[in-house]
Amino acid sequence: MKIGFKNPTIIPISAYASLLFRLDSSCLTKIDVIKNHNMIELFKEKYYHLPQYIGQEFSSELIEMTGIKTLETEIIRI
């Protein structure tokens, strides 16, 4: 706000998790498959449902938990 933004919208995201969730498993290396599995396990925890931190309801869809869909929607809205 000190640099001129009147109502900044801060949307927490995990772009890396979103990328892993969106990629076809055939595109992933063995290490990426392990990381993908780990991210899936992490995002099962309510703590990692990032849109909740800006007041959105819980969604069970992994890609929505990363905050990317929220960011995309906000960009389109603006």
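Owing to the predicted nature of the structure, the values given are computational and were not obtained by experimental measurement.

Reading the values: rules and limits
- Residues numbered from 1 in each chain as written.
- Predicted model: local features only at pLDDT ≥ 70, side-chain atom pairs only at ≥ 80, totals over all residues.
- Heavy atoms only, no water.
- Axes fitted to C-alpha atoms, helices over the stretch in contact; angles between N-to-C directions.
- Helix = DSSP H or I, 4+ residues; strand = E, 2+ residues; numbered from the N terminus.
- Parallel < 35°, antiparallel > 145°, perpendicular 65-115°, else oblique.
- Left-handed = near helix turned anticlockwise from the far one by under 90°.
- Contact = heavy atoms within 4.5 Å.
- Nonpolar A, V, L, I, M, F, W, Y, C, P; charged D, E, K, R; others polar.
- Buried < 20%, exposed > 50% of the residue type's maximum accessible area, 1.4 Å probe, protein only.

Draft legend 1. Structural context of the packing of helix α1 (residues 15–22) against helix α2 (residues 30–43). The N-to-C vectors of α1 and α2 enclose an angle of 115 degrees; their axes lie 10 Å apart at closest approach. Classed by the angle they form, the pair α1 and α2 counts as roughly perpendicular. Once α1 is placed against α2, the crossing between them reads as left-handed. Only Asp32, Lys35, Asn36, Met39, Ile40 and Phe43 of α2 make contact with α1, whose side of the interface consists of Tyr16, Ala17, Leu20 and Phe21. Grouping the constituent residues of the contact of α1 with α2 by class yields seven nonpolar, one polar and two charged.

Draft legend 2. Molecular detail of the environment of Lys30. With respect to the secondary-structure elements, Lys30 resides in helix α2. Overall, the relative accessible area of 74% leaves Lys30 in the exposed class. Here the alpha-carbon distance between Lys30 and Lys2, two residues 28 residues apart in the chain, equals 45 Å.

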